[in-house]
Every structure is written in C-alpha cells, then in structure tokens.
Amino acid sequence: MGDTIYLRLRHKVEVMPGSSVRLPEVAQIVAPQALMPSLRGMTVFQVTPEDNQFAVLDAMKVIREIALTFPDADIQTIGPTLTIIEVIKKKRTASTLLFILVWLLLFTGSGLAIMNFHEDVSMMEVHQKIHQMVTGEENRSPLLLQIPYSFGLGLGMILFFNHVFKKRINEEPSPLEVEMFNYQQSLDHYVMMHENKESIRRIDDH
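Residues numbered from 1 in each chain as written. Predicted model: local features only at pLDDT ≥ 70, side-chain atom pairs only at ≥ 80, totals over all residues. Heavy atoms only, no water.

**So, the nonpolar core**
1) Next: Judged by nonpolar contacts, the single largest core of 28 residues is most densely connected at Ile5, Leu23, Leu39 and Ile66.
2) Next: Ignoring anything within four residues of it in the chain, the contact list for isoleucine 5 reads Ile29, Val30, Ala31, Leu35, Leu39, Ile66, Phe70, Ala73, Asp74, Ile75 and Gln76.
3) Next: Listed in part, the six residues of the second largest apolar core include Phe54, Val56, Val191 and Met192. (Core = buried A, V, L, I, M, F, W, Y, C linked by side-chain atoms within 4.5 Å. Buried < 20%, exposed > 50% of the residue type's maximum accessible area, 1.4 Å probe, protein only. Contact = heavy atoms within 4.5 Å.)

**Brief notes about the pairing of strand β1 (residues 4-9)**
1) Next: Where burial is concerned, the two faces of β1 differ: the one with Ile5, Leu7 and Leu9 is buried and the one with Thr4, Tyr6 and Arg8 is not.
2) Next: For β1 and strand β7 (residues 74-77), the ladder comprises four bridges, and the chain directions are parallel. Bridge assignment links tyrosine 6 to a residue of β7, and that residue is glutamine 76.
3) Next: Alignment of β1 against strand β4 (residues 27-30), held across four bridges, turns out to be antiparallel. (Helix = DSSP H or I, 4+ residues; strand = E, 2+ residues; numbered from the N terminus. Pairing = 2+ DSSP bridges.)

**A closer look at helix α4 (residues 96-120)**
1) Next: Here α4 contains 25 residues, and its C-alpha end-to-end distance of 36 Å stays within 8% of the 36 Å for a straight helix at 1.5 Å per residue.
2) Next: Of the residues trailing α4, serine 122 is marked for its positive phi of about 55°. (Expected span 1.5 Å × (residues − 1).)

**Thoughts on unusual backbone geometry**
1) Next: The backbone phi angle of serine 122 is positive, close to 55°, even though this residue is not glycine.
2) Next: Within the secondary structure, serine 122 is located in the loop between α4 and α5 (123-135).
3) Next: With a relative accessible area of 30%, serine 122 lands in the partly exposed category.

**Notes on the sheet that holds β4**
1) Next: Across the sheet, three strands lie side by side as β4-β1-β7; this open sheet has mixed pairing. Lying at the two open borders of the sheet, with one neighbouring strand each, are β4 and β7. Across the sheet, the mean angle from the axis of one strand to that of its neighbour is 25°, orientation sign disregarded. (Axes fitted to C-alpha atoms, helices over the stretch in contact; angles between N-to-C directions.)

**A few points about the packing of aromatic side chains**
Aromatic rings considered in pairs are described by the distance between their centres and by the relative angle of their planes.
1) Next: Going through the model one piece at a time under the given rule, you end up with one aromatic pair.
2) Next: Ring centres of tryptophan 103 and phenylalanine 107 lie 5.2 Å apart, and the angle between their planes is 10°; this geometry places the pair in the stacked category. Placement of both tryptophan 103 and phenylalanine 107 in helix α4 is noted, with a separation of four residues, approximately one turn of the helix. (Phe/Tyr/Trp six-rings, centres within 6.5 Å; stacked < 30°, edge-to-face > 60°.)

**A short note on the pattern of salt bridges**
Close approach of charged atoms allows side chains of opposite charge to pair.
1) Next: This structure, assessed with the given rule, holds three salt bridges.
2) Next: When the shortest N-O distance is used, the salt bridge between glutamate 86 and lysine 12 registers 3.3 Å. Taken as a pair, glutamate 86 in strand β8 (residues 82-87) and lysine 12 in strand β2 (residues 12-15) lie far apart in primary sequence, 74 residues in all.
3) Next: Its relative accessible area of 12% is what places glutamate 86 among the buried residues.
4) Next: Residue classification places lysine 12 among the partly exposed residues on the basis of a relative accessible area of 29%.
5) Next: With a shortest N-O distance of 3.6 Å, lysine 12 and aspartate 188 are connected by a salt bridge. Placement of lysine 12 in strand β2 and of aspartate 188 in helix α7 (residues 175-205) is noted, with a sequence separation of 176 residues between them.
6) Next: A cluster of three or more residues bridged by salt bridges with shared partners is formed by Lys12, Glu86 and Asp188. (Salt bridge = Lys/Arg side-chain N within 4 Å of Asp/Glu carboxyl O.)

None of the figures reported here should be taken as evidence of function without further support.
In structure tokens form, the structure reads like this:
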C-alpha cells in the first residue's frame, strides 16, 4: 500500500474562461511532503466554451487524475463530493445612473408600501385616539406621537437589516442575509444536480 492522500473538495470556486484549474484550487490536500509539489501542480479541470457559466467537478474525476500520477496511493475523500466551478467572464461595474434609478425605485416602492399599510390599519386614527387618551385633548395631527413614531420606524428598519450603510451593527445575520444565504444554497444545489446530469449525458454520448 502506498502513501495516503486526503482530499476535501471546496464547495465553490471562481475561475476565468479558458483557465486550467489546479488541484489546490478545488480541494484541501493532506499528503506526505514528498507528494505535495506534484499535487499542487496537478491540473484537474480545463475550462472550455461549452461550460458556459457553471461546471461541476466530481470527486471521482479528481481521484482518477491523481491515480494516473500516483497509482499506488490510497486516496481518501472527506466532505463534499462535488465542486461548483463558476466561470467569471467579465466583472460588471455598477453604473451610477443605474444605481440612482434602482435607489429611487426602492425608495418610492417602500414608501408607498408603508403608507398603504398605515392606511389599511388606520394608523392616523390610532394616534389620534392615543393622544386623546393620554392628554384628554382631541388633535387631528398628533405630532407628539407621529414624529417619534417616524424616527422609531426608521430605527427599527436599521435594526432589522443590521446595517448602517456598509457597517454591521453586530455579528448576527439579518433576516435578509439569511434568506439570501438560503437562496444561494438552493441555487448551488440546483446547479450541482443539473450540471452533473449534463456532464454524465455528454460522457454517455461519447
């Protein structure tokens, strides 16, 4: 029995079009020091135009590549058996005009949503009744309640999203970040299943 090589595939890697993906880019490696130079320089995947934006690298392909160089090695895989290879064709730069348009759209939409909600629950009447109960006076515009309520609404949104501009308030993720994480996990799972089927189909065709 030869030397033992331990591999742990990474969940996802980003590469440029036409690049050669080496083993350390897609996996963590634990092996005898004598084998490490060859393992670090080993190419396990070649990006082609057919791969489009995503490709999936199977652990079995990695094992086959290593076995060609080290046929007597005992290769052990730990953790994930698939790695998503995302081909980054061109980094997009945000347009200032587009940013302003999106910001105005979100600002207007969120403002209308808040106003419509307040109209549905008759928030103005509630403030008027609370003001009359506390002060004993009837007031059609109880600014004493409305102004603090408006500031509190904004503060509550900041606490909910856990960000002040780019600065995080605490280490706890916001509900939006959790939903984005769950969406990314579902997207990665779909890519793994779909692209892996496409790879098997192409192999069968040959």
